[in-house]
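Listed below, chain by chain, are the residues.
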Amino acid sequence: MMMLRRCVFLLGLLSIGVSFAEEPGGAVDSELRYVADIELETEDDLSELLTRAGQMFLEGTVKQEQGAVVLVLHGPVLKALLRPNYAESQEVVNQAASLAALGVLEIKACRSWLSKNGMDARQLQPFVEVVSYGSTEVSRLVEDEGYIFF
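Residues numbered from 1 in each chain as written. Predicted model: local features only at pLDDT ≥ 70, side-chain atom pairs only at ≥ 80, totals over all residues. Heavy atoms only, no water.

Draft legend 1. Just the confidence of the model for the protein, in detail. Averaged over the protein, the pLDDT score is 83; the fraction of residues at 70 or greater is 80%. Mean pLDDT across the secondary structure elements of the protein bottoms out at helix α1 (residues 2-14), with 39, and peaks at strand β4 (residues 128-131), with 98. The model gives residues 1-29 a pLDDT under 50, and that stretch makes 38 contacts with residues more than four places away or in other chains. (pLDDT = per-residue confidence, 0-100. Helix = DSSP H or I, 4+ residues; strand = E, 2+ residues; numbered from the N terminus. Contact = heavy atoms within 4.5 Å.)

Draft legend 2. Main features of helix α3 (residues 86-102). For α3, spanning 17 residues, the distance from its first C-alpha to its last is only 20 Å, which falls clearly below the expected 24 Å at 1.5 Å a residue. At Val92, α3 is bent by approximately 50°, the largest bend along its length. Every buried residue of α3 is accounted for by Ser89, Val92, Val93, Ala96, Leu99 and Ala100. Where α3 is buried, its residues contact α2 (43-59) and β3 (105-110). Just past α3, the residue Gly103 takes up positive phi, approximately 85°. (Expected span 1.5 Å × (residues − 1). Bend = angle between axes of the 7 residues up to and from the residue. Buried < 20%, exposed > 50% of the residue type's maximum accessible area, 1.4 Å probe, protein only.)

Draft legend 3. The arrangement of helix α5 (residues 134-145) in detail. With twelve residues, α5 should reach 16 Å at 1.5 Å per residue; the first-to-last C-alpha distance of 15 Å fits that figure. Among the residues making up α5, those that are buried are Gly134, Glu137, Val138 and Leu141. The buried residues of α5 occupy one face: seen down the axis, they fall within an arc of 100°. Opposite its buried face, α5 presents the exposed residues Glu143 and Asp144, each directed more than 90 degrees away. Buried residues along α5 sit in contact with β1 (34-39), β2 (69-74), β3, β4 and β5 (148-149). (Arc of directions from axis to C-beta.)

What follows is the structure in structure tokens.
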């Protein structure tokens, strides 16, 4: 089920399946913020998402505000975001760090998934926030903060 959800998400993302609310005059609502709750297997998967978020920023779809796009991650891709693995994952880490520094992107890691898979959350890159449960954080962002699914 999770793999199917990931595939559908990636296909939708790559085909610009993100719908944007428009104001009556046709202008894109700059207040929209996006969240994705996703389990990724590879750095290539993460890189595709980061590239798309960067494109959305360049196109003006998302603004340079804290948390315009939030990725709540579970899965093996989190290994790439561990500090000891920087040498092997430098390209994707730098890509994510750049978008985070611009305020376009926030990356959140599920502590529950990390713990179940023997990873130390303290070893994550400094721009990765750890949340107790990924799905709870996504629900909070959608219900309390008005985020829409990416």
